[in-house]
Amino acid sequence: MLREREYLAAQLKELGFLVINSEANCLLVEVDRYFRSSTELIKKLNKFEANVVDGKWFPNLGNRFIRISPSHHEINQRFIEILKNLISKNRNR
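Throughout what follows, the structure given in this document is the object of discussion. Since the structure is predicted, the reported quantities are computational estimates derived from the model, not experimental observations. (Residues numbered from 1 in each chain as written. Predicted model: local features only at pLDDT ≥ 70, side-chain atom pairs only at ≥ 80, totals over all residues. Heavy atoms only, no water.)

1. Observations regarding the side chain of arginine 5
- Mapping arginine 5 onto the fold places it in helix 1 (residues 2-14).
- Here arginine 5 sits buried without a salt bridge, and the closest side chain of opposite charge, glutamate 6, lies 6.2 Å off (N-O distance).
- At 2.5 Å, the side chain of arginine 5 forms a polar contact with the backbone oxygen of alanine 24.
- For arginine 5, the contacting residues outside a window of four places in its chain are Ser22, Glu23, Ala24, Asn25, Cys26, Leu27 and Pro70. (Helix = DSSP H or I, 4+ residues; strand = E, 2+ residues; numbered from the N terminus. Buried < 20%, exposed > 50% of the residue type's maximum accessible area, 1.4 Å probe, protein only. Lys, Arg positive; Asp, Glu negative; His and termini not counted. Salt bridge = Lys/Arg side-chain N within 4 Å of Asp/Glu carboxyl O. Polar contact = N/O pair within 3.5 Å; in protein donor to acceptor, adjacent residues only side chain to side chain. Contact = heavy atoms within 4.5 Å.)

In structure tokens, the structure reads:
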């Protein structure tokens, strides 16, 4: 799973997201660069059955962060593609 965690972190950073450095398996990612809130992004992700945890459920994070758990490579690739598509749609509003 370490390889997939590193893959996701690199892909998210390449897209311009802030990924908080940590030793945890999950990634904490700031999303307000492209989305109004973590809740807005999660609603969009759920339409594609892509599940992440809303930062609003963690003390002091508010609605700017999501927590992502790495999975199998194919699932992680699909998640990144979904995210790219959502970013593109947001830019074209």
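Still more ground to cover, so stick around.
2. Examining the pattern of salt bridges
- Tallied over the full model, the rule gives 5 salt bridges.
- Between glutamate 40 and arginine 36 there is a salt bridge whose closest N-O contact spans 3.9 Å.
- Among the ionic contacts, a cluster of salt bridges with common partners joins Glu30, Asp32 and Arg64.

3. Overview of the nonpolar core
- If you look at the biggest cluster of nonpolar residues, it comprises 24 residues, and the most contacted ones within it are Leu12, Phe17, Val29, Phe35, Ile68, Phe79 and Leu83.
- Of all the elements in the fold, those that place two or more residues in this core are helix 1, strand 2 (27-30), helix 2 (38-46), strand 4 (65-68) and helix 3 (73-91).
- With 6 residues, helix 3 is the single largest residue contributor to this core.
- Here phenylalanine 17 is in contact with Leu12, Val29, Glu30, Val31, Tyr34, Phe35, Leu83 and Ile87, once residues within four sequence places are set aside. (Core = buried A, V, L, I, M, F, W, Y, C linked by side-chain atoms within 4.5 Å.)

4. A look at the pairing of strand 2
- Two strands pair when backbone bridges link them, and strand 1 (residues 18-20) and strand 2 are joined in this way by 3 bridges, in the antiparallel orientation. Following the sheet pairing, isoleucine 20 is matched in strand 2 by leucine 28.
- Counting the residues that bridge the hairpin from strand 1 to strand 2 gives 6 residues.
- Here strand 2 runs beside strand 4; their pairing, made up of 4 bridges, is antiparallel. When the bridges of strand 4 are listed, leucine 27 appears paired with isoleucine 68. (Pairing = 2+ DSSP bridges.)

Worth remembering: the numbers are spatial, not functional.
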